[in-house]
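If you want the building blocks of each chain, they are given just below.
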Amino acid sequence: MRRKLAGALAAVLATGVVAVVTQATGQQAFAAAADPYTWKNVRIDGGGFVPGVVFNRKEKNLIYARTDIGGAYRWNETGQNWVPLLDWVGQNNWGYNGVLSIATDAVDPNRVYAAVGMYTNDWDPNNGAIIRSADRGATWQVTPLPFKVGGNMPGRGQGERLSIDPNNNRILYFGAEDGNGLWRSTDQGVTWAKVTNFPNVGNYAQDPSDANGYLNHNQGVTWVTFDESTGSAGSTTQTIYVGVADKANPVYRTTNGGTSWERLPGSPTGYLAHKGVLDTVNDQLYLATSDTGGPYDGGHGQVWKFGTGTGAWTDISPVPVSSADQYFGYSGLTVDRQNPNTLIVGTQISWWPDAIFWRSTNGGATWSRIWDYNGYPNRVNKYTMDISSAPWLDFGESPSAPVQAPKLGWMNESIEIDPFNSDRMLYGTGATVYGTTQLTNWDSGATFTIKPFVKGLEETAVLDLVSPPTGAPLVSALGDIGGFHHANLDTVPADMHLSPTLGSNTGIDFAELNPSVMVRVGNVNKTDYPNVNRIGVSTDGGKTWYQGQEPAGVTNGGKVAISADAGSVVWAPDGTNVFYSTTRGSSWSQSTGIPAGAKIEADRVNPATFYGWSGGVFYVSTNGGATFTASSATVPTSGRVNFKAVAGSEGDVWITGDQGLFRSTNSGASFTKVATVTSAINVGFGKAAPGGSYQAVYLVGTVDGVTGVFRSDNAGGAWVRINDDAHQYGNMGDALTGDPRIFGRVYLGTNGRGILYADRNSTSTPTATATPTGPASPTPTASPTVSPTASPSPTGNPAGGCAAVYKVTGQWTGGFQGEVTVTNSGSTATTGWRVGWTFADGQSISQVWGGTLTQTGTAVSVANVSWNGTLAPNASTTFGFLGSWTGTNAIPAVTCTRI
């Protein structure tokens, strides 16, 4: 099949037309059995660069956003949220989540197109594609291109490169990178051909000598703008303007529908035209230019307008390039379609002290600045910032003037005024989408409010996840914005991880038997922040952190593991050897027997045991990470190798790789391959199925020939697929864990679509082939609002040696799930315990696991079962329950006694 397709494609390409390969999304491919799940994002709101926001010119409130690694989104006006459109993108075409350009049809608003592909070098193994939808992105069809597309390459904020003829929507143009020129479709994006008479493929690269193949990328043909006044409905538009990444020849034009092209006479030189916006009412083409392609750099630029009838050029730069105050290029150019003399333009990049926007109501003759100095360094803003919906956007900073937190923005390549509403403006930044619905207050001198318009758009790269048995259900390590302590999965946290603040947190771990203790590591530029070390320690489950020390030679975070009892930490940082600490990071000693850069994990039972992997060899330490010994066991040698140890089962380790999924039950002395898994990316563990004794195993990998997310309730003997083809999330799986408190719940990390969590749709109990140790609750039919609450302090009689903490771990209409942690606070071991409380709101317990229930009216008593009555001093156990409630479901006072 592949040979036939490749041969057909080669034959068609010889004629200059790309063959159509249609991929209908949302069709289920089955592997093993399927267990339907509901997938949702853990809310962070934003987190990455949004290089493009595009309004439809025909229909109100039809808005699209594109991201560089997280796919495309459509705005939902009713819910004031963004709807993801590319979650069907999978491991085989993960680069499609890099969206270089997006176009919405002004003739038929149901149609939307995107140019997709992430890298133009070999980091992305696939060529790019033009994808098209006739139902606003609900389903898509794909036309592969014969070259790569760079949605995450330098210059990605320029555009839009993809454009639809506003008179004849069968015609589309696409500006390609890396010398591939200008392309055209005449059948609504089904087939494409190169415009062979277009004279310039671009020549600008950020660093032509870059050996990595990233900065030396030719940014190519950067935008296409139609002059709709030169056509009529159903006929081809005659005049089209095209931007090219060539400082000497930045703009081209055709006046005969593409029969011939010319360099636009008098085009300004010396800069790249990031944006070309046409006002057909006043016959003006506006350009915003910068000396680089961005999005991270740019020091100078100009704003120009071109009279399309007169041929006259006018420099309308808010700050002339000759001024000593001009240290930025321009981008984010927009025209108010209701009042076309009104313009906004922004700094393409102004890291310090902040972004600057200018507004003109007279076609650029004069400009008003969004903020200015009132005696340096004091600022007067025409706006106020309201980040209450995403409070972490201040990045935990309290800067000195003139810098403010939160910032107005950075990497502001897309600033757009709603074509139907002069008061609404949206703009993308490196972390979010901001906007206002009071824009015209600017003209009257009144203050207007800017706030995030980003709900539903999740664009973080997830590097590690942990779900401890107590405390918050999820704590994350993320690229760029550090990570979060999520006490509630559906609520945006107030702060990212602080003290230390590390740009990208690369690893996180908790002590299995003392889960309030956590460690995390990450990256920081020591030149800019010489007093910030790359490791943080928490003793309250990741809520707050303090900074540890770091060994000499560390260049970046690497990976970290903490022993089950929190007594030892092993750190494999970048730039130096593996180290261990018995002082929670205040001092370090070098580990021996394990290579630098190894992946490391702790045994979840034995505090002395740590594991490592490097170069296809598995390593074991039995002395807290001081020394490691290479195992002779066969383990994966290539691929995305990840391994995890199982809580409650000493020496139980699972490892993934290109060769499949392998398990050891003897601390890595030997491994056995799981037969049905042909390749694997990551593995994680969560609460056992009802009636099961072994934890649920979660897998991102290939089972029975299908790649997806799977769960096994019998230690890998059988698998059910828990995602489907509509929920593949591109390059997912480098972070994965189950929930130790809720059976069936899984947390999945992606590279650009944030953190996903999923629960079973069914309330039926699956069959588990294992010895029961107490069930967890099935997922309720209604989506639970997970708002963990607890009694404010352990209750009972600590002096008598028993304490208990009551928590609500999940709640939905009429029902809830709870958990009680029992701790032996005495000096001798217990042989049994009993916990009691009285409900005040008519609650009733329907099921208990890990305990024996007695309930009389509102009085509840739970005693230990045979396997969890014996507790050593300071040891803890938990039991869980399902219940019903009305009223407020208040937390009761709990007593605990030894029996």
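Residues numbered from 1 in each chain as written. Predicted model: local features only at pLDDT ≥ 70, side-chain atom pairs only at ≥ 80, totals over all residues. Heavy atoms only, no water.

Novice: When you look at the overall build of the protein in this model, what are you seeing that I'm missing?
Specialist: Looking only at helices and strands, the protein has 2 helices and 69 strands in total. Against the compact-globule benchmark of 29 Å for 899 residues, the protein has a radius of gyration of 29 Å, which places it among compact chains. Referenced to the eigenvectors of the C-alpha coordinate spread, the extents of the protein come out at roughly 95 × 70 × 55 Å. Looking at the protein as a whole, 59% of its 899 residues qualify as buried. Within the protein, contacts between residues separated by at least 24 positions form 56% of all contacts whose residues are at least 6 apart in sequence. Summed over all atoms, the accessible surface of the protein reaches about 31,000 Å², with 50% contributed by carbon and sulfur. The positive charge centre, built from 55 side chains, and the negative charge centre, built from 66, are 4 Å apart in the protein. (Helix = DSSP H or I, 4+ residues; strand = E, 2+ residues; numbered from the N terminus. Rg over C-alpha atoms; globule rule 2.2 N^0.38 Å. Buried < 20%, exposed > 50% of the residue type's maximum accessible area, 1.4 Å probe, protein only. Contact = heavy atoms within 4.5 Å. Areas by Shrake-Rupley, 256 points an atom, 1.4 Å probe, with all protein chains shown as cover. Lys, Arg positive; Asp, Glu negative; His and termini not counted. Charge placed at Lys NZ, Arg CZ, Asp CG, Glu CD.)

Novice: Just checking my understanding: could you explain the pattern of salt bridges for this structure?
Specialist: Here the idea is simple: oppositely charged side chains can pair when their charged atoms come close. Enumeration according to the criterion identifies 24 salt bridges in this entry. Where Asp 87 meets Arg 753, a salt bridge forms, and the shortest distance between an N and an O atom there is 2.7 Å. Taken as a pair, Asp 87 in the loop between strand S6 (81-84) and strand S7 (99-104) and Arg 753 in the loop between strand S58 (746-750) and strand S59 (755-760) lie far apart in primary sequence, 666 residues in all. For the pair Asp 87 and Arg 753, one class covers both residues: buried. As a salt-bridge pair, Asp 509 and Arg 604 come within 3.2 Å of each other at their nearest N and O atoms. With a gap of 95 residues between them, Asp 509 in strand S37 (residues 504-511) and Arg 604 in the loop between strand S45 (599-602) and strand S46 (610-614) connect regions that are remote in the sequence. For Asp 509, a relative accessible area of 5% translates into the label buried. For Arg 604, a relative accessible area of 7% corresponds to the buried category. A single salt-bridge network, built from bridges that share partners, covers Asp 35, Arg 711, Asp 713 and Arg 760. (Salt bridge = Lys/Arg side-chain N within 4 Å of Asp/Glu carboxyl O.)

Novice: Would you mind going over the sheet that holds strand S33 (residues 448-452) with me for this structure?
Specialist: Strand pairing in a sheet is mediated by backbone hydrogen bonds. Such pairs are either parallel or antiparallel. The strand order across the open sheet formed by 5 strands is S29-S33-S32-S31-S30, and the pairing between neighbours is mixed. The open sheet has two edge strands, strand S29 (383-385) and strand S30 (415-417), and neither has a second partner. Across the sheet, the mean angle from the axis of one strand to that of its neighbour is 20°, orientation sign disregarded. Pairing analysis gives 4 bridges linking strand S31 (residues 425-428) to strand S32 (residues 433-436), with the strands arranged antiparallel. Across the sheet, the residue bridging to Gly 428 is Val 433, located in S32. (Pairing = 2+ DSSP bridges. Axes fitted to C-alpha atoms, helices over the stretch in contact; angles between N-to-C directions.)

Novice: How should the side chain of Asp 45 be read in this particular structure?
Specialist: Looking at the secondary structure, you find Asp 45 in the loop between strand S2 (37-41) and strand S3 (52-55). One polar contact links Asp 45 to Arg 43, side chain to side chain, over a distance of 2.7 Å. Ignoring any residue separated from it by four or fewer positions in sequence, one finds Asp 45 in contact with Ser 389, Ala 390, Trp 392, Val 454, Lys 455, Gly 456, Leu 457, Glu 458 and Val 492. (Polar contact = N/O pair within 3.5 Å; in protein donor to acceptor, adjacent residues only side chain to side chain.)

Novice: Is there a simple way to think about the state of the cysteines in this case?
Specialist: A disulfide bridge is the covalent bond that connects two cysteines by way of their sulfur atoms. The tally for this structure, following the rule as stated, stands at 1 disulfide. Across the disulfide from Cys 802 sits Cys 896; the S-S distance is 1.7 Å. Residue Cys 802 is found in strand S62 (residues 802-812), and its partner Cys 896 is found in strand S69 (residues 894-898); the two are separated by 94 residues along the sequence. For the pair Cys 802 and Cys 896, one class covers both residues: buried. (Disulfide = S-S within 2.5 Å.)

Novice: What's the story with the packing of aromatic side chains in this structure? I'm lost.
Specialist: By the definition in use, this model includes 37 aromatic pairs. Arranged with centres 4.9 Å apart and planes meeting at 70°, the rings of Tyr 327 and Phe 328 form a pair that is edge-to-face. Note on Phe 328: relative accessible area 1%, which makes it buried. With centroids separated by 5.7 Å and ring planes inclined at 50°, the aromatic side chains of Tyr 806 and Phe 881 adopt a geometry described as tilted. Of this pair, Tyr 806 sits in strand S62 while Phe 881 sits in strand S68 (residues 876-884), placing them 75 residues apart in sequence. For the pair Tyr 806 and Phe 881, a shared accessibility class is recorded, and that class is buried. Counting every residue linked through ring pairs, the aromatic cluster contains Tyr 173, Phe 198, Phe 226, Tyr 252 and Trp 261. Looking at Arg 520, its charged tip hangs above the ring of Trp 545, at a distance of 4.5 Å from the centre. Directly above the aromatic system of Phe 510 lies the positively charged group of Arg 604, at a separation of 4.8 Å from the ring centroid. (Phe/Tyr/Trp six-rings, centres within 6.5 Å; stacked < 30°, edge-to-face > 60°. Lys NZ or Arg CZ within 6 Å of the ring centre and 35° of its normal.)

Novice: Help me understand the sheet that holds S58 in this model?
Specialist: With antiparallel pairing, 4 strands are arranged side by side in an open sheet as S2-S59-S58-S57. This sheet does not close on itself; its edge strands, each paired only once, are S2 and strand S57 (732-738). For this sheet the average axis-to-axis angle between neighbouring strands, irrespective of direction, equals 25°.

Novice: Could you clarify how one ought to interpret the nonpolar core in this entry?
Specialist: Inside soluble globular proteins, nonpolar side chains tend to come together where they are buried. Counting residues in hydrophobic clusters, the biggest one holds 55 residues, and the most contacted among them are Phe 357, Ile 370, Trp 392 and Leu 408. When sequence neighbours within four positions are dropped, the list of residues in contact with Ile 370 reads Ile 356, Phe 357, Val 380, Asn 381, Lys 382, Tyr 383, Leu 408, Trp 442, Phe 448 and Ile 450. Counting residues in each nonpolar core, the second largest holds 21 residues, with Val 808, Trp 837, Phe 839 and Leu 871 among its members. (Core = buried A, V, L, I, M, F, W, Y, C linked by side-chain atoms within 4.5 Å.)

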